[in-house]
Amino acid sequence: MRECYICGSTYCLEQHHVFPASNRKNSEKYGLVVDLCHFCHNESPNGVHFNRENDLKLKREFQQRFEDDHPELSFIEIFGRNYL
Ligand SMILES: [Zn+2]
Ligand SMILES: [Zn+2]
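The next subject is the coordination of the zinc ion (ligand 1). Only Cys-4 (SG), Cys-7 (SG), Cys-37 (SG) and Cys-40 (SG) from the protein coordinate the zinc ion (ligand 1), and they sit 2.3 Å from it. Along the chain, the residues donating to the zinc ion (ligand 1) fall in the pattern C-x2-C-x29-C-x2-C. Highlighted residues: Cys-4 in the segment before strand S1 (13-17) and Cys-40 in helix H2 (residues 38-42), separated in sequence by 36 residues. Residue Cys-40 is classed as buried on the basis of its relative accessible area, which comes to 12%.

Here it is in structure tokens:
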């Protein structure tokens, strides 16, 4: 069952690209897309689109996951940034 990646709620789920904008396609390609409930996603003050700390936490976690899953690839080269 789908649930919010942050709080576990199963209501009002929305898809969030962990690395947005120019990296939206890369997020899809490498599975760096999560389900978030509306409040953890797009509501002030805790939603990742409002709360920089929560956003960074997610990005760090998924960069780490990417590096664990793809030791042969360079996250920094592909995504153009380092969040760790
Ligand atoms: Zn949530
Ligand atoms: Zn989003």
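Structure shown, so let's carry the discussion forward.
Before going further, it helps to spend a moment on the packing of aromatic side chains. If you walk through the whole model with that rule in mind, you get 10 aromatic pairs. With 5.4 Å between their ring centres and 40° between their planes, Phe-19 and Tyr-83 make a pair best called tilted. Here Phe-19, found in the loop between S1 and helix H1 (24-29), pairs with Tyr-83, found in the segment after helix H4 (75-79); they are 64 residues apart in sequence, far enough to count as distant. Assessed through its relative accessible area of 1%, Phe-19 is described here as buried. The exposure class assigned to Tyr-83 is buried, which follows from its relative accessible area of 12%. Ring plane angle 15° and centroid distance 4.4 Å describe the contact between Phe-75 and Phe-79, whose orientation is recorded as stacked. In this pair, Phe-75 and Phe-79 both sit in helix H4, 4 residues apart, roughly one turn of the helix. Here Phe-75 and Phe-79 have matching classes, each one buried. An aromatic cluster of three or more residues is present, and its members are Phe-19, Tyr-30, Phe-66, Phe-75, Phe-79 and Tyr-83. The ring of Phe-62 has Arg-65 lying over it, and the distance from NZ or CZ to the ring centre is 4.4 Å.

Attention now moves to helix H3 (residues 52-69). Between its first and last C-alpha atoms H3 spans 25 Å; for 18 residues at 1.5 Å apiece the expected length is 26 Å, and the two agree. Listed as buried for H3 are Asp-55, Leu-56, Leu-58, Lys-59, Phe-62, Gln-63 and Phe-66. Axial view of H3: buried residues confined to an arc of 160°, hence all on one face. More than 90 degrees from the buried face of H3, the exposed residues found are Glu-53, Lys-57 and Asp-68. The elements touched by buried residues of H3 are S1, strand S2 (33-37) and H4. You can read the cap of H3 off the contacts: a side-chain oxygen lies 3.0 Å from the backbone nitrogen of Glu-53, and it is on Asn-51.

Cut-off values and rules
- Here the residue index of a chain counts from 1 through its sequence in written order.
- As a convention, the first chain written is A and the first ligand written is 1, with the rest following in written order.
- A pLDDT threshold of at least 70 governs which residues receive local features in this predicted model, and a stricter bar of 80 or more applies before side-chain atom pairs are shown or counted, although totals over entire chains, interfaces and linings include all residues.
- Hydrogens and waters are ignored; side-chain quantities use all the structure's heavy atoms.
- Each metal site is built from N, O and S donor atoms within 2.8 Å (3.2 Å for Na, K and Ca), and since water is not included, such sites may look incomplete.
- For helices the rule is a DSSP run of H or I covering at least 4 residues; for strands it is a run of E covering at least 2, with both sets numbered from the N terminus onward.
- Note on classification: 1.4 Å probe, protein chains only; a residue is buried when its accessible area is under 20% of the maximum for its type, exposed when over 50%, partly exposed between these limits.
- Each pair of aromatic rings taken from Phe, Tyr and Trp, with Trp reduced to its six-membered ring, is defined by centres within 6.5 Å and is described as stacked if the planes are under 30 degrees apart, edge-to-face if over 60, and tilted in the remaining cases.
- Here, a charge over a ring is recorded when the distance from Lys NZ or Arg CZ to the ring centre is within 6 Å and its angle to the ring normal is within 35 degrees.
- In a helix, the anticipated span is given by 1.5 Å times the number of residues less one.
- Relevant arc is that of directions from the helix axis to the C-beta atoms, nothing else.
- Any two residues whose heavy atoms approach within 4.5 Å at even a single point are treated as in contact.
- Contacts described as polar in this section are N or O atom pairs within 3.5 Å, which, within protein, must combine one atom able to donate a hydrogen with one able to accept it, while residues neighboring in sequence count only if both atoms come from side chains.

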